[in-house]
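Analysis of the macromolecular model
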Amino acid sequence: MNKDLTQGDPQKVLWAFCMPMFGSILFQQLYNIADSLVAGKFIGENALAAVGNSYNITLVFIAFAFGCNIGCSVIVSQLFGARDYRSMKSSVYTTLIAGGALCAALLAAGLLSCDTLLQLMKTQPEIMADSSLYLRIYIWGLPFLFFYNIATGIFSALGDSKTPFLFLAVSSSANILVDILFVKGFSMGIAGVAWATFLCQGASCLVSLMLVIRRLAGIQTKEKPCLFSWRLLQKIAAVAVPSILQQSFISVGNMMIQGCINSFGVSVAAGYSAAVKLNNLVITSFTTIGNGISNFTAQNLGARKLGRIRECFRAGWKLVWGICIPFCALYLGAGRFLLLLFLNKGSDTALLTGQQFLWILSPFYFIISIKLVADGILRGISAMGRFMASTFLDLALRVILAFLLSGWMGSAIGIWCAWPVSWAIATVLSVSFYRRSIQKRMEG
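These lines cover the structure that appears in this document, whether it is placed above or below. (Residues numbered from 1 in each chain as written. Predicted model: local features only at pLDDT ≥ 70, side-chain atom pairs only at ≥ 80, totals over all residues. Heavy atoms only, no water.)

**What to know about the overall build of the protein**
Tallying secondary structure elements over the protein gives 14 helices and zero strands in all. The secondary structure elements of the protein, listed N-terminal to C-terminal, are α-α-α-α-α-α-α-α-α-α-α-α-α-α. Relative to its length of 444 residues, the protein is compact, with a C-alpha radius of gyration of 21 Å against a globular reference of 22 Å. By its C-alpha atoms, the protein is 65 × 45 × 35 Å across when sized along the principal axes. Residues classed as buried in the protein amount to 60% of the 444 residues present. Summarising the internal contacts of the protein: among those between residues at least 6 apart in sequence, 85% fall at separations of at least 24. Surface exposure of the protein reaches about 17000 Å², of which carbon and sulfur atoms provide 68%. Of the side chains in the protein, 33 bear a positive and 16 a negative charge, and the two mean positions are spaced by 10 Å. (Helix = DSSP H or I, 4+ residues; strand = E, 2+ residues; numbered from the N terminus. Rg over C-alpha atoms; globule rule 2.2 N^0.38 Å. Buried < 20%, exposed > 50% of the residue type's maximum accessible area, 1.4 Å probe, protein only. Contact = heavy atoms within 4.5 Å. Areas by Shrake-Rupley, 256 points an atom, 1.4 Å probe, with all protein chains shown as cover. Lys, Arg positive; Asp, Glu negative; His and termini not counted. Charge placed at Lys NZ, Arg CZ, Asp CG, Glu CD.)

**A look at the packing of helix H5 (residues 142-157) against helix H6 (residues 162-185)**
Close contact between H5 and H6 brings their axes to 8 Å; oriented N to C, the two are set at 145°. Residues Tyr148, Thr152 and Phe155 of H5 pack against Thr163, Pro164, Phe167 and Leu168 of H6. Looking at the contact of H5 with H6 residue by residue, the class counts come to five nonpolar, two polar and no charged. (Axes fitted to C-alpha atoms, helices over the stretch in contact; angles between N-to-C directions. Nonpolar A, V, L, I, M, F, W, Y, C, P; charged D, E, K, R; others polar.)

**Observations regarding the packing of aromatic side chains**
Tallied over the full model, the rule gives 18 aromatic pairs. A ring pair is formed by Phe357 and Trp416, whose centres lie 5.1 Å apart and whose planes are at 85°; its orientation type is edge-to-face. Taken together, the positions of Phe357 in helix H11 (residues 348-361) and Trp416 in helix H14 (residues 413-443) put the pair 59 residues apart, joining distant regions of the chain. Under the relative-accessibility criterion, Phe357 is labelled buried at 0%. Pairing Tyr365 with Trp423 gives two aromatic rings, centres 6.2 Å apart and planes at 40°, and the pair type is tilted. Separated by 58 residues along the polypeptide, Tyr365 in helix H12 (residues 365-380) and Trp423 in helix H14 bring together distant segments of the chain. Take Trp423: its relative accessible area is 3%, and that puts it in the buried class. Three or more aromatic residues link up through ring pairs in this structure, and these residues are Phe286, Phe327, Tyr331, Tyr365 and Trp423. (Phe/Tyr/Trp six-rings, centres within 6.5 Å; stacked < 30°, edge-to-face > 60°.)

**Section: the pattern of salt bridges**
Across all of its chains, the model carries five salt bridges by this definition. A salt bridge links Asp115 to Arg136; its shortest N-O distance comes to 3.2 Å. Residue Asp115 is found in helix H3 (residues 85-120), and its partner Arg136 is found in helix H4 (residues 125-140); the two are separated by 21 residues along the sequence. With a relative accessible area of 27%, Asp115 lands in the partly exposed category. Of the charged contacts, one joins Lys371 and Asp375 as a salt bridge, the two residues approaching to 2.5 Å between their closest N and O atoms. In this pair, Lys371 and Asp375 both sit in helix H12, four residues apart, roughly one turn of the helix. Residue Lys371 shares its accessibility class with Asp375, and that shared class is buried. (Salt bridge = Lys/Arg side-chain N within 4 Å of Asp/Glu carboxyl O.)

**Digging into H6**
Between the first and last C-alpha of H6 there are 34 Å, a value that for 24 residues agrees with the 34 Å anticipated at 1.5 Å per step. Thr163, Pro164, Phe167, Leu168, Ala169, Ser171, Ser172, Asn175, Val178, Asp179, Phe182 and Val183 are the residues of H6 that are buried. Of the residues one or two after H6, Ser187 is the one with positive phi, at around 55°. (Expected span 1.5 Å × (residues − 1).)

**Here's the deal with H11**
Working note: α-helix, 3.6 residues per turn, so residues spaced by three or four point in the same direction. Here H11 is 14 residues long and its end C-alpha atoms lie 20 Å apart, about the 20 Å a rise of 1.5 Å per residue gives. All buried positions along H11 are accounted for by Ala350, Leu351, Thr353, Gly354, Gln355, Phe357, Leu358, Ile360 and Leu361.

**A word on the nonpolar core**
In terms of nonpolar packing, the biggest core is built from 128 residues, with Phe286 and Trp416 touching the most fellow members. Among the elements that make up this core, the one with the highest residue count is helix H9 (residues 266-302) (18 residues). With residues near it in sequence (within four places) discarded, Phe286 still touches Val320, Ile323, Cys324, Tyr365, Ile368, Ser369 and Leu372. Counting 11 residues, the second-largest nonpolar core is a separate cluster that includes Val38, Val51, Tyr134 and Ala194. (Core = buried A, V, L, I, M, F, W, Y, C linked by side-chain atoms within 4.5 Å.)

**Examining the side chain of Thr95**
Within the element layout of this structure, Thr95 appears in helix H3. Under the relative-accessibility criterion, Thr95 is labelled buried at 4%. Separated by 2.8 Å, the side chain of Thr95 and the backbone oxygen of Ser91 make a polar contact. Beyond its immediate chain neighbours, meaning those up to four positions away, Thr95 contacts Cys68, Cys72, Ile150 and Ile236. (Polar contact = N/O pair within 3.5 Å; in protein donor to acceptor, adjacent residues only side chain to side chain.)

As structure tokens, this is what we get:
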């Protein structure tokens, strides 16, 4: 059901819109968590390290899919808020066509370069074959990843966050069952983990696209929308390209950090692989809330209701801190038990590595969450230059400090310490950009 985000109490409207998105991302993360959990428990520590190793490369492809999602979502939100339904439909069709072309190019490039990328990350010989196999199967599923992300972006732009939640709840639950069936029942090893994700994400993609087509057909326009518009593509690209660059550079930075982590051995890499999945569950939750804030901001910008955007920041702050409290307490108090979901009790080095990672990072969730709220507003008002500046600063500092501190301290703890420092500095920058941007628009 489509929902107008420009009416009603901003906090109530935002929270009602974002909470299903939060639930959606919990299920979305189950895809990756299930892969690591099944690999670590039913195959072994090397398989867990292989999935984690490949994951950093898959994030590059996810970055492009996410860019298509947020680019389409922001522009569709603005046009929906402005009641320009003809252009809104055209922007959807344009994104589907352009996204398909981009996906085809990435699929070809990924198949040709995946082994080279794994070698650049200093992948250990004992996990190279599994990493390559997992990654190749994942790349063949890129069309499902792209079109599913575009579909969920469209639902969110129309104010519907419940439909994507239902998709993910069903597909993620199915993914866990198929993971176990393929690995434990059919003894398919790491290939079974990858094929389970491929099949479940494919089914979700096809169903979501059919529902998007039906939803758009129910919105009447006086004139027939065009199937492709260069003008709208430029608007979409103005939001999508910076988002793609931001996520891609973060992924490349993570690959560089992964190379540094790999130099400390397979056990450290396995511990990081388990802990980073728990960390990504939280960070991706904040990012998804930020996407909801972008939709809220874009609709209200289209409707010229700028005062509601300021109220959105305060409401978003309360929402993400409400998420921070239980996750921080859980990771500090029960991190070891959560890591044992992925690791066996004999993996002492891996367990200690994962615990140290969670102990150092989790208290700083209260800081990075504020940055992602401010980033959501910056994207919603299309202030992409400022959004990129704070994000690239975060990434650059994290990569540089990871190498410097790990070398100085002689352990992977130095890598983990790089996160809080870069988060704190980038958050100050993002919040200052948000305040200046809103003040300028209010005065204009």
